[in-house]
Amino acid sequence: MDPDLDAIVAHELELLDPVVRGDPAAVRRLLHEDFSEIGASGQQWDPTTVTEATSATAEGITADDFRTARLTPDVVLLTYTARRDGETTLRSSVWVRTRAGWRLRHHQGTPR
């Protein structure tokens, strides 16, 4: 597989890990400065609010069915299925390559 795509999936899994989620600095290192999210609840998030929310939740999220699509050499769309507390969401993330590496630019969750 493509090393860029492997790195993006690994970064997404980091963001689902309870240890990383509990560390605001670790979460922020993976987010693009212009990060935005539309959550499964319909709520909109920015880097500050999503970092606060993830650090308040200790449970992990399981994920599978990862699919990647390179939109440009420096932009990748990642889609997958996530599960937490008996709920399933379909998720999509847009990752952008920056000088500092791959950063999450946008994320969306849709209840299944």
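Reading the values: the criteria
Residues numbered from 1 in each chain as written. Predicted model: local features only at pLDDT ≥ 70, side-chain atom pairs only at ≥ 80, totals over all residues. Heavy atoms only, no water. Helix = DSSP H or I, 4+ residues; strand = E, 2+ residues; numbered from the N terminus. Rg over C-alpha atoms; globule rule 2.2 N^0.38 Å. Buried < 20%, exposed > 50% of the residue type's maximum accessible area, 1.4 Å probe, protein only. Contact = heavy atoms within 4.5 Å. Areas by Shrake-Rupley, 256 points an atom, 1.4 Å probe, with all protein chains shown as cover. Lys, Arg positive; Asp, Glu negative; His and termini not counted. Charge placed at Lys NZ, Arg CZ, Asp CG, Glu CD. Pairing = 2+ DSSP bridges. 1 Å grid on protein atoms, 1.4 Å probe; cavity = no way out; pocket = protein on both sides within 12 Å on 5 of 7 lines; lining within 4 Å. Points joined across faces, edges and corners; volume = space filled by probe spheres on them. Nonpolar A, V, L, I, M, F, W, Y, C, P; charged D, E, K, R; others polar.

Quick look at the overall build of the chain
Moving on, step 1. Each helix and strand in the chain was counted, giving four helices and six strands.
Moving on, step 2. Listing each helix as α and each strand as β along the chain from the N terminus yields α-α-α-β-β-α-β-β-β-β.
Moving on, step 3. Taken over C-alpha atoms, the radius of gyration comes to 13 Å for the chain, in line with the 13 Å a tight globule of 112 residues would show.
Moving on, step 4. Across its three principal directions, the C-alpha atoms of the chain cover 35 × 30 × 25 Å.
Moving on, step 5. Burial statistics for the chain: of 112 residues in total, 36% are counted as buried.
Moving on, step 6. Residue pairs at least 24 apart in sequence account for 45% of intrachain contacts in the chain once pairs closer than 6 positions are excluded.
Moving on, step 7. With the model as given, the accessible surface of the chain reaches about 6300 Å², and the carbon-plus-sulfur share is 52%.
Moving on, step 8. Taking the 13 positively charged and 18 negatively charged side chains of the chain as two groups, their mean positions are separated by 3 Å.

Description of the pairing of strand S1 (residues 31-38)
Moving on, step 1. Where S1 lies against strand S6 (residues 101-111), four bridges are found, and the strand directions are parallel. Looking across to S6, one finds that Leu31 is bridged to Leu104.
Moving on, step 2. Both S1 and strand S2 (residues 44-45) contribute to a ladder of two bridges, which runs antiparallel. Across the sheet, residue Ile38 finds its bridge partner in S2, namely Gln44.
Moving on, step 3. Linking S1 to S2, which pair antiparallel, is a turn of five residues; within it Gly42 sits at a positive phi near 95°.

A look at the layout of surface pockets
Moving on, step 1. Its boundaries defined by the atoms lining it, the largest pocket holds a volume of some 600 Å³.
Moving on, step 2. Around the largest pocket sit 30 residues that line it, and Arg21, Glu37, Ile61, Arg84 and Arg91 are the ones nearest its centre.
Moving on, step 3. The set of elements that each furnish at least two residues to the lining of the largest pocket consists of helix H1 (3-16), S1, helix H4 (47-55), strand S4 (75-84), strand S5 (87-98) and S6.
Moving on, step 4. A per-class count over the lining of the largest pocket returns 13 nonpolar, nine polar and eight charged.

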